[in-house]
Structure formats: structure tokens, C-alpha cells
Amino acid sequence: MNIRTLPIGVSPFDQTRAMSSSGAHPTEDAGYWSWQMAAVSERRDRDSFMRIYDHFAPRVRLYLRGLGSTESQAEELAQEALLRLWQRADRFDAMRGSVSTWLFRIARNLHIDRVRREPLWQSIGEEWIDEDIPPANTTERHVEQTDLAARIDTLPAVQARLLRMSYFEAKSHQEIADELVMPLGTVKSHLRRAFLKLQSGLKEFP
Amino acid sequence: MSPRHHLDETTVLGWASGALSPEMAAVAATHLDVCRHCRSRLATAEGIGGTLLEQQQPSTDDAMRMPHLREHMLAALDAHPNRRVPPRREEATAGPDNLPRALHPYFGTSWRSLRWRWLAPGVRMIRALRTSGHALILLRIDPGMSMPLHSHGGIELTQVLAGSYDDELGHFGVGDAADLGPETLHRPVTSAGGPCVCVAALDAPLRFPGWFARMLQPLVGL
Ligand SMILES: [Zn+2]
């Protein structure tokens, strides 16, 4: 199903949200996946990797289709993103971010590089992460990720919707404004407020 | 380098979500490359992306295709054992003649090879070719010049690469970003010393009032 074909009044993301809250233990998710990932990087544990694959590959495909990849492009790029996680497992440090964020970044870069064919994205961005994020204690990171999920759930409906349109359709803020018949300044101030709210309480690195 | 003027929250979000035009992204990248504060905010914005990705709920339809893809992945694990990749060290920080790497696709790699075009007394410019619809320009303005008052039809994202200027919003030096909305009206004045060089992405024409506009706009083609 292509989420773009849904009538505009019914946000597919609100449905997603309602469904996901019934899922398994969200408070343990980030910790669970980092733990699986640690088994991959330390012991090249295939079972752990395939658990990550089974959970995340369909999510990455869904994300890529939302960005405008065709079905087969989304499959190909999702496989490549997951394979990259396997190949670069030793560079994945559980203390420097979650598996979901890592995959999000890789999938986005692959889409922009291969589908949109913008040259900038393969070379830039990865080393910003490697160099910059100071090791935090693992529990702290999981609390942050869980905290972020909880904060997203408490955003006002319009802010949550704009955020999801921006992330899952990679629409420019102008395109969102046009689609919703909303002034650009209003779209931006909603997004700005949403970001500040999500950011507050998260530790900034020095 | 510790910039004092940063990217707007919406630009950080736009980068994280892949929503910036290539030209805006190129200017944002020149800032992110030198600004730890904005990289930290970007890490948060990408964390939001990861959280939203995690919250996606794939349909059972999608799961149907899994066995076939899963087999391919298992085969790929054998073909690609994970390997130790030494962290990449870009040659980005090379010599002083090197332009910021995000600008290479548009302006080449070397400051010395830039072919500046005369625009007005004390003002030179290069406009990038092969852009997506947004304009990307390098501006080189002599020291002590006062630019005319102008506003922007849309968004203008500017990064200072050399020299500095002052306007109604403050002092902008090397590393600073000016992330301006359509409502901003400003009159930049470049500082004494060396020329001020900026890279700017614009999503709509600059609006200069009066004679300067009539003289400049046909030349700039913005
Ligand atoms: Zn900054």
C-alpha cells in the first residue's frame, strides 16, 4: 500500500501511531536492539543480526517507499542498508546512538544518493557522528530514546503530523505548506516548537 | 572555530529528514562541518527519525515478501563477512586553497581557480550551474562596503567563508550561518580588513529596492 494514496484527512501516521502503542515493550526496545547489535559486533552473531533484520527491514522498506522509492528500489536499498549494518558492525557503538537511528541515517542517505542522485550525501555525515557524540553510559542512551518516543506521543496533533510528513515523505516545508494550505511561516513555527520540545531534556554534548 | 550564529531549527530538521534542496543542503553542510553545536542538534533530529522509523508498523502484506528477501540476506552475510573498516579520514582539511568539500560539486575544489565575475563596484559573484531550481552563489565583497537594504522573497541560507560583516542581526564572522526567512530586511556592511566571502542558497529572488535592483537584477539573474 502506498501511503500517498490515502485520503488526506486520514493521516496514515495517526493510524501507525495508534497501532504501534499496542506493540511489545517499548521501554525495553532500544536496549534490546543495542544488546543484539553488541552480539553482532563482538561475535559476528548471525542469529542476533537476523533478529535485527526481521524487525527493521520491513520498517526501512516502508520508510523508503514513503520517500518515493519504488517497491523494488525500496527492497534493494533496505537490503543494502541492513547489509551495511552487518559489514560495519565494528564501527557501531551502542553507546553512540540506537540501531534505529543508525538505520534511519543510512537509509536516508542511500535514497538521496541513488534515487535523487545528489552527490553530497554518501561522503558527508557519517564521520560527524563518529567524531562527535561522546560515549554516554548505555542506560542513559536508552532512557533518552525512550524519552524521545514518549515526547513524540505527547506532541500536539498538528505538530506530530507535520513532523511525520517531513520525515516520512521528505517533503520540503514549502510543499507541506502547499499541501495543507497553511502559510509557510506557520508550518515552520509548528516544526520549530516541536523540535525544541523534543530536544529539551536531552543532553547536549559539550 | 565556534560559530555564534546557527542554522534554524527547521533547517536542522530539514537536513535530518532529507527535505532540503541540494543547494540548501550544500550550504548547511558547510556550516555543520565547522559547528559542533549544530551537529549535536542534528544528532537529536536524526534520533527523532530513528524513533519514528521504529514506530512504523509494517503491514502483513509486506511481511509476506520476507522469506524471499530473508534468504537473499542470509546469502549476502556469507558473501560479505563483516570487516574492519578503518575510519575514513577525508582529505577535506587539506591546504588553505581547498574550498569546503560540500561546495566541490558546484564550484570545484580550489579557491585560486575560482573565476569571479564583476557584478558592481566592490562586488564579485559566481553562480553555480546545474542547480535544482534554487540558486547557489558565491559572493565576494570588498571590505568596508555597504550593501543596499534588501529582503528576500523566500529563504536565504548564507555561510560566511572569509572576512565578516555586520547587519541588523549582529556580527557575522567565519563559520557563522545566517538563516533568514522572507520577512528579514537587512543592510549588510562588510568589515575592514580582507574581503568578505559568503556562499548562499536562495529559494526565491532577492528583492532590492530602487535603482540598485534595476541595475543588479538583470546582471545577477536572480
Ligand atoms: Zn551552528
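Structure report, in brief.

Reading the values: the criteria
- For every chain, the first residue of the written sequence is number 1, and numbering continues from 1 onward in sequence order.
- As they are written, the chains are lettered A onward and the ligands numbered 1 onward, keeping that order.
- Residues qualify for local features only when their pLDDT is at least 70, as the model is predicted, and side-chain atom pairs are given and counted only at 80 or more; totals for whole chains, interfaces and linings, by contrast, use all residues.
- Side-chain metrics rest on all non-hydrogen atoms present in the structure, leaving aside hydrogens and water.
- Here a strand is any run of E in DSSP of at least two residues, a helix any run of H or I of at least four, and the numbering for each starts at the N terminus.
- By definition, residues are in contact when any of their heavy atoms lie within 4.5 Å.
- Every accessible area reported is derived by Shrake-Rupley at a probe size of 1.4 Å, with residue values counting cover from the shown protein chains alone.
- Being paired, for any two strands, means DSSP has found at least two bridges between them.
- Whenever a helix is involved, its axis is fitted only over the stretch in contact; in every case the axis is a line through C-alpha atoms, and angles between N-to-C directions fall within 0 to 180 degrees.
- Metal coordination here is assigned from N, O and S atoms located within 2.8 Å of the ion, or within 3.2 Å for Na, K and Ca; omission of water means that sites may look incomplete.
- A four-donor site is classed as tetrahedral when every donor-metal-donor angle falls between 85 and 135 degrees; four donors are called square planar, and six octahedral, when trans pairs exceed 155 degrees and all remaining angles lie between 65 and 115, with any other arrangement labelled irregular.
- Type-normalised accessible area, obtained with a 1.4 Å probe on protein chains alone, sets the label of each residue: buried when under 20%, exposed when over 50%, and partly exposed for intermediate values.
- The cut-offs work like this: below 35 degrees is roughly parallel, past 145 is roughly antiparallel, 65 to 115 is roughly perpendicular, and the gaps in between are oblique.
- Handedness of each helix crossing follows the sense of rotation of the near helix against the far helix: counterclockwise by less than a right angle gives left-handed, clockwise gives right-handed.
- Residues are grouped as follows: Ala, Val, Leu, Ile, Met, Phe, Trp, Tyr, Cys and Pro are nonpolar; Asp, Glu, Lys and Arg are charged; every other residue, Gly included, is polar.
- In the sections that follow, a salt bridge refers to a side-chain nitrogen of Lys or Arg positioned within 4 Å of a carboxyl oxygen of Asp or Glu.

## Focus on the overall build of chain B
For step 1, the next point in the chain: Looking only at helices and strands, chain B has seven helices and twelve strands in total.
For step 2, the next point in the chain: Taking as baseline every contact in chain B between residues at least 6 positions apart, the subset at least 24 positions apart corresponds to 66%.
For step 3, the next point in the chain: Total accessible area on chain B is roughly 10,000 Å²; 56% of this is exposed by carbon and sulfur atoms.

## Details of the sheet that holds strand E3 (residues 135–141) of chain B
Sheets are built from strands paired through backbone hydrogen bonds, the pairs being either parallel or antiparallel.
All names here are of chain B.
For step 1, the next point in the chain: Taken together, the six strands give an open sheet; going across it, the order is E1-E2-E3-E11-E5-E8, and neighbouring strands pair in antiparallel fashion. Because the sheet does not close on itself, it has two edges, and the strands there are strand E1 (117–120) and strand E8 (177–180). Taking each pair of neighbouring strands and ignoring which way they run, the sheet shows an average axis angle of 25°.
For step 2, the next point in the chain: In this structure, E1 lies alongside strand E2 (residues 123–127), joined through three bridges in antiparallel fashion. Within the sheet, the bridge partner assigned to Trp118 lies in E2 and is Arg124.

## Quick word on the sheet that holds strand E7 (residues 170–172) of chain B
All names here are of chain B.
For step 1, the next point in the chain: Across the sheet, three strands lie side by side as E7-E6-E10; this open sheet has antiparallel pairing. Taken across any chain shown, the strands that pair with only one partner, and hence form the sheet edges, are E7 and strand E10 (189–190).
For step 2, the next point in the chain: Bridging between strand E6 (residues 165–167) and E7 involves three bridges; their strand directions are antiparallel. Looking at E7, one finds that Asp167 is bridged to Gly170.

## Comments concerning the coordination of the zinc ion
Ideal geometry at a metal centre gives angles of 109.5 degrees when four donors are arranged tetrahedrally and 90 or 180 degrees when six donors are arranged octahedrally.
Residues and elements named next belong to chain B.
For step 1, the next point in the chain: Distances from the zinc ion to its protein donors, His6 (ND1), His31 (NE2), Cys35 (SG) and Cys38 (SG), fall at 2.1 to 2.3 Å.
For step 2, the next point in the chain: Geometry at the zinc ion is tetrahedral, judged from its four donor atoms and the angles of 95 to 125° they form at the metal.
For step 3, the next point in the chain: Donor residues for the zinc ion, ordered by position in the chain, follow H-x24-H-x3-C-x2-C.
For step 4, the next point in the chain: A relative accessible area of 0% places His31 in the buried class.

## Remarks on the packing of helix H3 (residues 46–67) of chain A against helix H5 (residues 66–79) of chain B
For step 1, the next point in the chain: Remark: H3(A) packs on H5(B), axes separated minimally by 11 Å, with the N-to-C direction vectors making an angle of 130°. The angle between H3(A) and H5(B) places the two elements in the oblique class. Crossing hand, H3(A) versus H5(B): right-handed. Taken together, the residues of H5(B) that come into contact with H3(A) (itself represented by Arg46(A), Phe49(A), Met50(A), Tyr53(A), Asp54(A), Pro58(A) and Arg61(A)) are Met66(B), Leu69(B), Arg70(B), Met73(B), Leu74(B), Leu77(B) and Asp78(B).
For step 2, the next point in the chain: A per-class count over the contact of H3(A) with H5(B) returns nine nonpolar, no polar and five charged.

## Some thoughts on the pattern of salt bridges
All names here are of chain A.
For step 1, the next point in the chain: This model, assessed by the stated rule, comprises 20 salt bridges over all chains.
For step 2, the next point in the chain: Measuring nitrogen to oxygen at the nearest pair gives 3.4 Å for the salt bridge that ties Asp45 to Arg43.
For step 3, the next point in the chain: Among the residues examined, Arg43 registers a relative accessible area of 56% and is labelled exposed.
For step 4, the next point in the chain: If you follow the salt bridges from partner to partner, you end up with Glu80, Arg84, Asp113 and Arg114 in one network.

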